[in-house]
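Listed below, chain by chain, are the residues.
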Amino acid sequence: MELYISLSAYGGVSTREALTIFWNAGIRHTELAIGPKPDADTTQAIEDFRQMGMVYRAHHAFVWSDRHYPFNLTQPQDWKYFEHLTDYLASIGITAYSVHGGNFSKTTERAKAYTTFVENVHYLHQLCLARDIVLGVETMYPTSPISSVENLLDNATELAQFCQDFPQIKIVVDLAHLNIWHHKNEVMLNQWLELPLERLLEIHISDNDGRQDIHSRITDNTWWLSQMTNFPKGIPLVIESRLNRLPVSVVQQEYERIADLCYLFGGG
Amino acid sequence: MSSVKLQQLLIVYVPEKLSKAMTNSNSLLLSYEELVQNHANQFDPQIASLQQLVETRMQEIRNAEQTLVEAQAIELKRITDALASDVRCLLSTPGLRTFVQELKQTKSNNWYTRKSKFSIAEDPTTWLLATLELPIGLSNYQTHEDLNGYDDERNFIGYSYTLSLRLGSAERSVEIPLKRIYNVKESRETSAKEQIDYYISGEVEDLLEEIKYTEEQKQQLAAEISTLIGYSTKIFTLKPRTAIFEYSSISEG
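Residues numbered from 1 in each chain as written. Chains lettered and ligands numbered in written order. Predicted model: local features only at pLDDT ≥ 70, side-chain atom pairs only at ≥ 80, totals over all residues.

Novice: Hey, could you run me through the overall build of chain B in this one?
Specialist: For chain B, the count of helices and strands is five helices and four strands. N-terminal to C-terminal, the α/β element order of chain B is α-α-α-β-β-β-β-α-α. Looking at chain B as a whole, 18% of its 253 residues are labelled buried. Once local pairs closer than 6 in sequence are excluded, the contacts in chain B between residues at least 24 apart make up 61%. (Helix = DSSP H or I, 4+ residues; strand = E, 2+ residues; numbered from the N terminus. Buried ≥ 20, exposed ≤ 12 C-beta atoms within 10 Å, placed from the backbone. Contact = placed C-beta atoms within 7 Å.)

Novice: I keep staring at the overall build of chain A and nothing clicks. Help me out?
Specialist: When helices and strands are tallied, chain A shows eight helices and 10 strands. In summary, chain A has a C-alpha radius of gyration of 18 Å against a globular reference of 18 Å for 268 residues, a match within 12%. For chain A, the spread of C-alpha atoms along the three principal axes comes to 45 × 45 × 35 Å. Taking all 268 residues of chain A together, 41% fall into the buried category. Taking all contacts inside chain A whose residues are at least 6 apart in sequence as the whole, residues at least 24 apart take part in 81%. (Rg over C-alpha atoms; globule rule 2.2 N^0.38 Å.)

Novice: What's the story with the sheet that holds strand β2 (residues 155-167) of chain B in this structure? I'm lost.
Specialist: What links the strands of a sheet is backbone hydrogen bonding, and the strands pair in either a parallel or an antiparallel sense. Residue and element names in this part refer to chain B. Strand order across the open sheet formed by four strands is β1-β2-β3-β4, with antiparallel pairing between neighbours. Edge positions in the open sheet fall to β1 (136-150) and β4 (186-189), since each of these has one partner strand only. Across the sheet, the axes of successive neighbouring strands diverge by a mean angle of 20 degrees, strand direction being ignored. Relative to β4, strand β3 (residues 170-183) runs antiparallel, the two sharing four bridges. (Pairing = 2+ DSSP bridges. Axes fitted to C-alpha atoms, helices over the stretch in contact; angles between N-to-C directions.)

Novice: Just checking my understanding: could you explain the environment of Leu189 of chain A for this structure?
Specialist: Residue and element names in this part refer to chain A. Relative to the elements of secondary structure, Leu189 occurs in helix α7 (residues 186-193). For the pair Leu189 and Val173, spaced 16 residues apart in the sequence, the C-alpha separation amounts to 9.4 Å. For Leu189, the contacting residues outside a window of four places in its chain are Leu178, Trp224 and Gln227.

Novice: Is there a simple way to explain the interface of chain A and chain B in this structure?
Specialist: How big an interface is tends to be expressed through the accessible area that disappears when the partners come together. Counting from both sides, the interface comprises 19 residues of chain A and, opposite them, 12 residues of chain B. Residue classes in the side of chain A that touches chain B are distributed as five nonpolar, 10 polar and four charged. (Nonpolar A, V, L, I, M, F, W, Y, C, P; charged D, E, K, R; others polar.)

Novice: How should the packing of helix α4 (residues 192-209) of chain B against helix α5 (residues 215-236) of chain B be read in this particular structure?
Specialist: A pair of packed helices can be characterised by two numbers: the angle between their axes and the separation between those axes. All names here are of chain B. Contact geometry for α4 and α5: axes closest at 8 Å, N-to-C directions at 130 degrees. By the criterion of interaxial angle, the relationship of α4 to α5 is oblique. In the packing of α4 onto α5, the handedness of the crossing is right-handed. On the side of α4, the interface is formed by Ala192, Gln195, Ile196, Ile200, Ser201, Val204, Glu205 and Leu208, while α5 contributes Lys218, Leu221, Ala222, Ile225, Ser226, Thr227, Ile229 and Gly230. (Parallel < 35°, antiparallel > 145°, perpendicular 65-115°, else oblique. Left-handed = near helix turned anticlockwise from the far one by under 90°.)

Novice: Explanation requested: the sheet that holds strand β9 (residues 200-205) of chain A in the structure shown.
Specialist: Residue and element names in this part refer to chain A. Strands sit in the order β1-β2-β3-β4-β6-β8-β9-β10 around a closed barrel of eight strands; the barrel is parallel. Here the strands of the sheet are splayed against their neighbours by 30 degrees on average, with no regard to which way each runs. Across three bridges, β9 lies against strand β10 (residues 237-239) in parallel orientation. The residue of β10 that forms the bridge with Ile205 is Ile239.

Novice: Where do I start with the nonpolar core in this structure?
Specialist: Proteins that are soluble and globular tend to have nonpolar side chains buried together. Counting residues in hydrophobic clusters, the biggest one holds 68 residues, and the most contacted among them are Leu32, Phe62, Val137 and Ile205 of chain A. When residues in this core are grouped by element, the largest group, six residues, is from helix α4 (residues 110-129) of chain A. For Val137 of chain A, the residues in contact, after removing those within four places along its chain, are Ser98, Val99, Gly101, Val121, Leu153, Phe162, Ile169, Ile171 and Val172 of chain A. Core analysis: the next-biggest nonpolar cluster, separate from the first, contains 27 residues, Phe99, Val204, Leu208 and Leu228 of chain B among them. (Core = buried A, V, L, I, M, F, W, Y, C linked by C-beta atoms within 7 Å.)

Novice: Just checking my understanding: could you explain the pairing of strand β3 (residues 55-59) of chain A for this structure?
Specialist: For a regular strand, side-chain orientation follows a simple rule: the groups alternate between the two sheet faces. Residues and elements named next belong to chain A. Most of β3 sits inside the fold, with four of its five residues counted as buried. Traced from strand β2 (residues 29-32) through helix α2 (residues 42-52) to β3, the parallel crossover comes out right-handed. Pairing analysis gives two bridges linking β3 to strand β4 (residues 96-99), with the strands arranged parallel. If you follow His59 over to β4, its bridge partner there is Ser98. Tracing the backbone out of β3, into helix α3 (residues 79-91) and back to the parallel element β4 gives a crossover that is right-handed. (Right-handed = clockwise from strand over helix to strand, strands pointing away.)

Novice: Please clarify how the packing of helix α1 (residues 15-24) of chain A against α2 of chain A should be interpreted in this entry.
Specialist: All names here are of chain A. Relative to each other, α1 and α2 sit at 20 degrees, their axes nearing to 8 Å. In terms of their interaxial angle, α1 and α2 are classed as roughly parallel. The residues of α2 that touch α1, namely those facing Thr15, Arg16, Leu19 and Trp23, are Thr42, Ala45, Ile46 and Phe49. Taken together, the residues that form the contact of α1 with α2 break down as five nonpolar, two polar and one charged.

Novice: Can you walk me through helix α3 (residues 94-105) of chain B in this structure?
Specialist: Every α-helix winds through 3.6 residues per turn, so residues three or four apart in the chain are directed the same way. End to end, α3 of chain B covers 17 Å across 12 residues, agreeing with the expected 16 Å (1.5 Å per residue, within 8%). On its buried side, α3 of chain B packs onto α5 of chain B. (Expected span 1.5 Å × (residues − 1).)

Novice: Help me understand the environment of Asp174 of chain A in this model?
Specialist: All names here are of chain A. You can see Asp174 is positioned in strand β8 (residues 170-174). According to the C-beta neighbour criterion, Asp174 is buried, with 24 such atoms within 10 Å. In this structure the C-alpha to C-alpha distance between Asp174 and Glu240, which are 66 residues apart in sequence, comes to 9.5 Å. Apart from the residues lying within four places of it in its own chain, the contact partners of Asp174 are Glu138, Thr139 and His204.

Novice: Can you walk me through the confidence of the model for chain B in this structure?
Specialist: The predicted coordinates should not be examined in detail at positions where pLDDT is low. All names here are of chain B. Considering every residue of chain B, the mean pLDDT works out to 87; 83% of them sit at 70 or more. Note that residues 110-116 has pLDDT below 50 and, in this model, seven contacts with residues that lie over four places away or in other chains. Model confidence for the complex is summarised by a pTM of 0.79, with the ipTM given as 0.86. (pLDDT = per-residue confidence, 0-100.)

What follows is the structure, given as structure tokens:
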């Protein structure tokens, strides 16, 4: 299986610096994401490494210009921006792009937020289809009780509803997000991993304490390790553990360690 | 053509209406500017002299307060030294008792099932922690600013602090986020309860793994130690009190 690493794993530096670290660590599969400092060189850096052989996917509000554009799909969107973004993805040969469901204020009705999200994701899907890009939507997680916002797709029922409403859109299963779900168990995990292969876009991996999405490193105690044998074959994994500021050697060790785990438990 | 002649020519060709308007606006501004100049001449020297007076007086106050400020700094050093050797010296302070009461009143956010919740007594002198031979060292308090922080969706400026925590012979650095500033309108602070529940207790539980107590004792100790650390950060931020002269005339504008 292909093992990608997210640029969010090495944030706080320029895209060129992060890609240089990945490249020198022997990594050839990168997911563009939030994390790097936006600068005027970002697109050139992405292009330079692409020409050297780096293969990309892209996720949500990834950094691709001299500033970062966050967006929230439960709110009306500037579609000119998304046309521009999907044009860019197509221009660098990216065929897999995924987004978050978005978040909404706790004073807003969830159903209303879902309706706006559904309209937005439908439009975004059309933009992607026209450019041969496969669109995915990621499983999210419940925010802390004192947070003023909630995430869409933070529970199994709503995700199942979305799968039913949009059979043509793929799912990104984030195993660290599932670790924060209120009613998590291995049966539930397997239910999502048993989605038909054609419904899964990729699997995001990192770890946390079950409370906050802190993107810690995968350890022997990481909850889904024992389930790796059930991971669907051929679905790319994306490492999202934070390795900021660590030297190339550590990034390389971490990537190779996870690659070995995938090989051992996931059957290569 | 000489520049004087060119100017005369230009003046000649300025349309009459525009010329009138310019003269009017010039004289309009002129009167105001004369008043401003008049005010500056009269009052700027007075303000400058007042400022000089305040600076001289403040210097006198600073000299006078020096002994008391230095004495406070020495006391604070004594306190941080005590926390470095055993933070349990705070168990009998009234401040901790109040902190625990407030914490217990904070609505429990404990919906997650992974960790069990151990209740702690309101009077810290009765804690299990007070009965054991287990020194808890807290030292090396440092604050940090991360200009390039980010979560899954947005960038932010992050503020945090780190502490070295020592339990018996086991030691580790704990990082606790304090605040995220997303933009001028939106920021998020980590409450004392969140600091304890989300960032301190996990590290404490890990460290306790290396120490031989029963599982029940470890969980009780983790709750007590985490609360004690959460409170101690209030002590680490203490600074000597110094005389500050604050005067703002902005609100009078």
